[in-house]
Amino acid sequence: MKKKLLATVLSAVMVISMMAGCGAAQTEQSGVQGASRETETKTETTAKEADPVPASDEASGDVTIWYYWETAGHQEALDHIIQEFNNQQSNIKVQAKYVPFADFKKQLSIGASAGELPDIVILDNPDHASYAAMGIFADITDRFDVSSYYPGPVNSCTLDGKLYGVPFGSNDLVLFYNEDMLKDAGCEVPKTWDELLDVAKKTTKGNVYGFAHCALQNEEGTFNFLPWVWSTGQTSYEINSEGGIKALEFEKSLVESGAFPKEAINWTQGDTMNQFISGNLAMMINGTWQIPTMRQEVPDLNWNVAPIPQDKQQASGLGGENYAVIAGGNEEAAIAFLQYATSGDTCLYMMDHMGYISSDSKIAETQFKGDAVYQVFVDEMKYANARGPLPEWPDISDAISLAFNKVITGESAPDAAAAEAQTTIDGILGN
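Along every chain, residues carry numbers that run from 1 in the direction the sequence is written. Only residues with pLDDT of at least 70 get local features here, since the model is predicted, and only at 80 or more are side-chain atom pairs given and counted; chain-wide, interface and lining totals rely on the full set of residues. Excluding hydrogens and water, the side-chain values take into account all heavy atoms of the structure.

1. Overview of the packing of aromatic side chains
In this description, an aromatic ring pair is defined by two values, namely the gap between the centres and the angle between the planes. Two aromatic rings, drawn from Phe, Tyr or Trp (for Trp, its six-membered ring), form a pair once their centres lie within 6.5 Å of each other, and the interplanar angle then sorts them: stacked below 30 degrees, edge-to-face above 60, tilted otherwise. For the structure shown, the criterion picks out 22 aromatic pairs. Centroid distance Phe168 to Tyr356: 5.5 Å. Interplanar angle 90 degrees. Geometry classified as edge-to-face. Highlighted residues: Phe168 in strand S6 (residues 166-171) and Tyr356 in the loop between helix H14 (344-354) and helix H15 (361-364), separated in sequence by 188 residues. This pair shows no difference in class: Phe168 is buried, exactly as Tyr356 is. Aromatic side chains Tyr237 and Trp393 sit 6.1 Å apart centroid to centroid with 80 degrees between the ring planes, which places their arrangement in the edge-to-face category. One end of the pair, Tyr237, is in the loop between helix H9 (219-231) and helix H10 (242-256); the other, Trp393, is in helix H17 (residues 393-409), and 156 residues separate them in sequence. Here a set of aromatic residues connected by ring pairs shows up, and it is made of Tyr67, Trp69, Tyr98, Phe168, Tyr323 and Tyr356. Elements are defined by DSSP. Helices are runs of H or I of four residues or more, strands are runs of E of two residues or more, and each kind is numbered from the N terminus. The buried label applies to any residue whose accessible area, calculated with a 1.4 Å probe on protein chains only, is under 20% of its type's maximum; exposed applies above 50%, and partly exposed to all values in between.

Spelled out as structure tokens, the structure:
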């Protein structure tokens, strides 16, 4: 993009600091009240209605977005802001395409080789550095202002000091529990691993399992497993350590107790939520994004949330997704859309309807006030660890997910699985 054109696009979107939000944000209530983060100094701001910001006359054409969300509410929210953007101007037409999470990385890699890529992708933040290193994403360092964003999410978009994306939204993991099931079993909310195992056993009855988390052999599963490792004081790269082996042994004890279903190796986080709201699970690990769906689908279910039970220290996983502009695509129009999608009420609409914490600190502070459930997630942000950012993270994640899958299925003992994973990790890191 030429400098003159850049100035035109960016000045157009920055003349008004807060764009027009979605009208439905005023009337469609998802149960989200709003958020605040304790780790940053906040600047008071409120998303205000404003005249639509037009795209630059020189930014035009079609823009295609790839995403992998399986939740209908997520898809509908994205479609809503796309339609609003398309209706506000006539130069750019945006459309979105669903690509299943299991196929997303493959399709992105194949598309890069074949020259058939979208203009924008929404992807899991641990994968960002890997694709940026491949040269797939455009450098937007001087083309998008992220000065008010939280450092962690921005770092996930950054490689070698250059910005290759924009944080979409952040989230973390906590323990969800069915209050009635715990009460009937005479149990308190568990705070430690021993307590979790005990409560999980006592709430396992008939077709009801006491506890589960997504244990897929992919990044989704790794995301849910790593809090056990971090809680022991070890890092993601220290699986064959006292703490790493202890985390795998804890998974084994849960499964062998009968309280953790082996079927969880086939469950997405969405599947795990469905088991919970159907009354087949007493407890689960899951994230902020499930709350809108749960509040809408099972308003009478008596559930609550708490920090993930710990070993030596409290730990959670930092999740979230990023936007990335594809290098060589319709970069100008893609950036114009991202300026709209990440501003003011438009961003709040997406965050509120999807259960995310805004990565923009100025927007985040208007979220979740007075909502005790979401506040637990906000409080956990200071204990949430990031995966990577490292270009080789996907391969490291594969080694970790393979390890806990082998333990859950009984294929390997914890120490053997840890040793195998560590050999792979050390080879990747050059140790």
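2. What about the sheet that holds strand S8 (residues 283-287)?
Here, a strand pair is defined by DSSP locating no fewer than two bridges between the strands. The strand order across the open sheet built from 3 strands is S8-S7-S9, with neighbouring strands paired in antiparallel fashion. Edge positions in the sheet fall to S8 and strand S9 (303-306), since each has one partner strand and no second. Put simply, the sheet's adjacent strands are angled 35 degrees from each other on average, direction ignored. With 4 bridges connecting them, strand S7 (residues 173-178) and S9 associate as antiparallel partners. Bridge assignment links Leu175 to a residue of S9, and that residue is Ala306. Here helix H11 (residues 269-277) sits on the sheet in contact with S7, S8 and S9, set at roughly 140 degrees to S8. Axis angles are defined between N-to-C directions and span 0 to 180 degrees, where every axis is a line fitted to C-alpha atoms and, for a helix, only to the segment in contact. The contact criterion used is simple: two residues touch if any of their non-hydrogen atoms lie within 4.5 Å.

3. Topic: the pairing of strand S11 (residues 319-325)
On a regular strand, each side chain points to the face opposite its neighbour's, so the side chains alternate between the two faces of the sheet. Of all the 7 residues making up S11, 7 are buried; the element is thus mostly covered by neighbouring parts of the structure. Of the two faces of S11, the one holding Gly319, Glu321, Tyr323 and Val325 and the one holding Gly320, Asn322 and Ala324 are both buried throughout. Bridge analysis of strand S3 (residues 120-124) against S11 gives 5 bridges, and the strand direction is antiparallel. The partner of Asp124 across the bridge, within S11, is Glu321. Pairing of S6 with S11 involves 5 bridges; the strand directions are antiparallel. When the bridges of S11 are listed, Ser170 appears paired with Gly320.

4. Examining the environment of Trp267
Mapped onto the secondary structure, Trp267 falls in the loop between H10 and H11. In sequence terms Trp267 and Gly221 are 46 residues apart; their C-alpha atoms lie 8.9 Å from each other. Setting aside chain neighbours within four positions, we find Trp267 in contact with Ala212, Cys214, Ala215, Leu216, Pro261, Thr272, Gln275 and Leu281.

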